Amino acid sequence: MSRRAVTVFLLLLIAVLIGVGLWLRRPGRPIPIPSHLRHPAALARPFGAAVSIPAARADSTYLRDYLETFTSMTPENAMKWDAVQPDRDSWEFGEADALVTLARKTGKRVRGHTLVWGTQLPAWVAGGHWTPAQLRAVLVDHVRTEVAHFRGKVESWDVVNEPLANDGRLAGDVFLRVLGPSYIDLAFRTAHAADPHARLFLNELAGELPGPKQDALVALVAGLRRRGVPIDGVGLEDHTESTHYPRPAQLLTILRRLTSLGLDVEITELDVALRGPPRLALEHQAEAYAATARACAAVPRCTGLTVWGVTDRWSWLGAQAQADLFDARGRPKPALAALRRAFGRG
Ligand code: G3I
């Protein structure tokens, strides 16, 4: 074979190998379901975890721990604005679809997270010089398109995430600056029109503790209800630590303040960072997880509990926080059994 022919052959071979490599790593490719999965323990209500698409693809232990433990899924990042509409009118649902397909094939409930948030926005939204009419159109188009895409597959949505600052005032993101507080009403009304069967939640950080932010949260959702905005529930994230976490009485107070408005509530992002001497810290961590599960189980309209992550290795807090129910090698911690006992058998 001539040198030229060999060169052409080698170039073609390299091109084919690159093509195959890109195809194997394409966004949206199915997530293989491990064989011989054990069914999750039957619990009284949905018990979920935030699922990272990179972790689910790269770590078989993470994937097995998730599939054998939980009955609900919240995509950790794959449904956020920067992931699904990174550029205007350019939609990328592949990775979120892969997670939703995995959930449906394995009988998991899906919580959509999140439609409107001032964080993880692509630059074209966060940095835009918007008139109210322009941004209203962009928000409506985003919410309508994403909710319609998942219609019938997502049981509930975190429609608006973390609208409040720690002092209880509305957080100053682009939506509040340009549209005022009514952006929240608009987001919920748009989501309901796109999927009338999905439950619609407002999701908030640190609303579980007493103080101005909790009072503002209750006032905010009471106002939405008064205006007839289609809101079904409130998500309390409950990112906490083993040395100080909301006591059951504190959680029961806010859970009942919200359900008294005719709303469902969920614990939506529970994790308990380890603080203090390790042996005691694991014990306190188990108590923290169990106390939260016990509080939710005591309130009929607390319709689910989701932890924010599966194994420490992939936690948003970093492995050193040791905040999740499984350690960095995917081994269950005492907190998992404690939570299950407290949450109640199905
Ligand atoms: O997608 C990029 C990737 O292209 C890049 O290579 C990589 C390295 O820079 O960054 C990737 O983006 C990261 C993104 O997660 C997706 O993995 C961001 O840097 C990182 O900041 C982002 O962190 C997420 C965080 O929200 C952002 O605020 C965490 O994973 C996620 O667990 C966390 O979740 C939030 C909830 O949505 C809302 N409640 C609070 C909770 C904790 O902050």
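Just above, that's the structure.
First things first, this report covers the structure right here in the doc. (Residues numbered from 1 in each chain as written. Predicted model: local features only at pLDDT ≥ 70, side-chain atom pairs only at ≥ 80, totals over all residues. Heavy atoms only, no water.)

**Some thoughts on the site of the ligand**
(1) Moving on: Taken together, 14 residues form the shell around the ligand, and within it Glu76, Lys80, His113, Glu162 and Glu269 come nearest.
(2) Moving on: Within the side chain of Gln120, one N or O atom sits 3.4 Å away from an oxygen atom of the ligand.
(3) Moving on: Glu162 places a polar side-chain atom, nitrogen or oxygen, 2.7 Å from a nitrogen atom of the ligand.
(4) Moving on: By residue class, the composition of the shell around the ligand is three nonpolar, six polar and five charged. (Near = heavy atom within 4 Å. Polar contact = N/O pair within 3.5 Å; in protein donor to acceptor, adjacent residues only side chain to side chain. Nonpolar A, V, L, I, M, F, W, Y, C, P; charged D, E, K, R; others polar.)

**Thoughts on the environment of Arg313**
(1) Moving on: Relative to the elements of secondary structure, Arg313 occurs in the loop between β9 (302-307) and α13 (334-343).
(2) Moving on: Not counting chain neighbours up to four residues away, the residues in contact with Arg313 comprise Asp59, Ala319 and Ala328.
(3) Moving on: Within the local environment of Arg313, its side chain forms a polar contact with the side chain of Asp59, the two groups lying 3.0 Å apart. (Helix = DSSP H or I, 4+ residues; strand = E, 2+ residues; numbered from the N terminus. Contact = heavy atoms within 4.5 Å.)

**Brief notes about the pattern of salt bridges**
(1) Moving on: Applying the stated criterion across every chain, the model contains 19 salt bridges.
(2) Moving on: Put simply, Arg313 and Asp59 hold a salt bridge, and the shortest N to O gap is 3.0 Å. Of this pair, Arg313 sits in the loop between β9 and α13 while Asp59 sits in the loop between α2 (53-58) and α3 (60-69), placing them 254 residues apart in sequence.
(3) Moving on: Look at Arg313 and you get partly exposed, because its relative accessible area is 47%.
(4) Moving on: Through salt bridges with shared partners, a single network forms among Arg109, Arg111, Glu155, Asp158, Arg199, Asp264, Glu266 and Arg301. (Salt bridge = Lys/Arg side-chain N within 4 Å of Asp/Glu carboxyl O. Buried < 20%, exposed > 50% of the residue type's maximum accessible area, 1.4 Å probe, protein only.)

**Let's talk about the nonpolar core**
(1) Moving on: Within the largest apolar cluster, 98 residues are counted, with the highest numbers of intra-cluster contacts made by Phe47, Trp157, Phe175, Phe188 and Leu325.
(2) Moving on: Here this core takes eight residues from helix α12 (residues 278-297), the largest share from any one element.
(3) Moving on: Apart from the residues within four sequence positions on either side, Trp157 is in contact with Met79, Gly112, His113, Leu115, Glu146, Val147, Phe150, Ala198, Arg199, Leu200 and Phe201. (Core = buried A, V, L, I, M, F, W, Y, C linked by side-chain atoms within 4.5 Å.)

**Side note on the environment of Val160**
(1) Moving on: Summarising the element assignment, Val160 is placed in strand β4 (residues 156-161).
(2) Moving on: Measuring from C-alpha to C-alpha, the distance between Val160 and Gly172 comes to 14 Å, with twelve residues separating the pair along the chain.
(3) Moving on: Not counting chain neighbours up to four residues away, the residues in contact with Val160 comprise Thr114, Val116, Tyr183, Ile184, Ala187, Phe188, Phe201, Leu202 and Asn203.

**Some details on the packing of α12 against α13**
(1) Moving on: Between α12 and α13, whose axes approach to 8 Å, the crossing angle comes to 20°. Considering the angle they form, α12 stands roughly parallel to α13. Classified by chirality, the crossing of α13 by α12 is right-handed. Facing Leu282, Gln285, Ala286, Tyr289, Ala290, Ala293, Arg294, Cys296 and Ala297 of α12, the residues of α13 in contact are Pro334, Ala335, Ala338, Leu339, Ala342 and Phe343.
(2) Moving on: Split into classes, the residues belonging to the contact of α12 with α13 amount to 13 nonpolar, one polar and one charged. (Axes fitted to C-alpha atoms, helices over the stretch in contact; angles between N-to-C directions. Parallel < 35°, antiparallel > 145°, perpendicular 65-115°, else oblique. Left-handed = near helix turned anticlockwise from the far one by under 90°.)

**Things to note about the state of the cysteines**
(1) Moving on: Under the criterion given, the structure shown has one disulfide.
(2) Moving on: The disulfide bridge from Cys296 ends at Cys302, spanning 2.1 Å between sulfur atoms. Between Cys296 and Cys302, the S-S dihedral sits near -100°, and the bridge is therefore left-handed.
(3) Moving on: For Cys296, a relative accessible area of 0% gives the class buried.
(4) Moving on: With relative accessibility at 1%, the residue Cys302 sits in the buried group. (Disulfide = S-S within 2.5 Å.)

**A few points about the packing of helix α7 (residues 132-149) against helix α9 (residues 182-194)**
(1) Moving on: For the pair α7 and α9, interaxial distance at closest approach is 8 Å and the crossing angle is 35°. Crossing angle aside, the handedness with which α7 passes α9 is right-handed. Facing α7, whose interface residues are Arg136, Leu139, Val140, Val143, Arg144, Val147 and Ala148, α9 presents Tyr183, Leu186, Ala187, Thr190, Ala191 and Ala194.
(2) Moving on: Partitioned by chemical class, the residues of the contact of α7 with α9 number ten nonpolar, one polar and two charged.

**Some remarks on α3**
(1) Moving on: Burial of α3 is extensive: seven of the ten residues sit out of reach of the surface.
(2) Moving on: Of the positions making up α3, those classed as buried are Tyr62, Leu63, Asp65, Tyr66, Leu67, Glu68 and Thr69.
(3) Moving on: Elements that come into contact with the buried residues of α3 comprise β1 (47-51), α2, β2 (72-75), α5 (94-105) and α13.

**A few points about the pairing of β2**
(1) Moving on: Of the two faces of β2, the one carrying Ser72 and Thr74 and the one carrying Met73 and Pro75 are both buried.
(2) Moving on: Relative to β2, β1 runs parallel, the two being bridged by four bridges. Residue pairing across strands places Val51 opposite Pro75, the latter belonging to β2.
(3) Moving on: Here β2 pairs with strand β3 (residues 109-116) via two bridges, running parallel. Within β3, the position partnered with Ser72 by the bridge is Arg109. (Pairing = 2+ DSSP bridges.)

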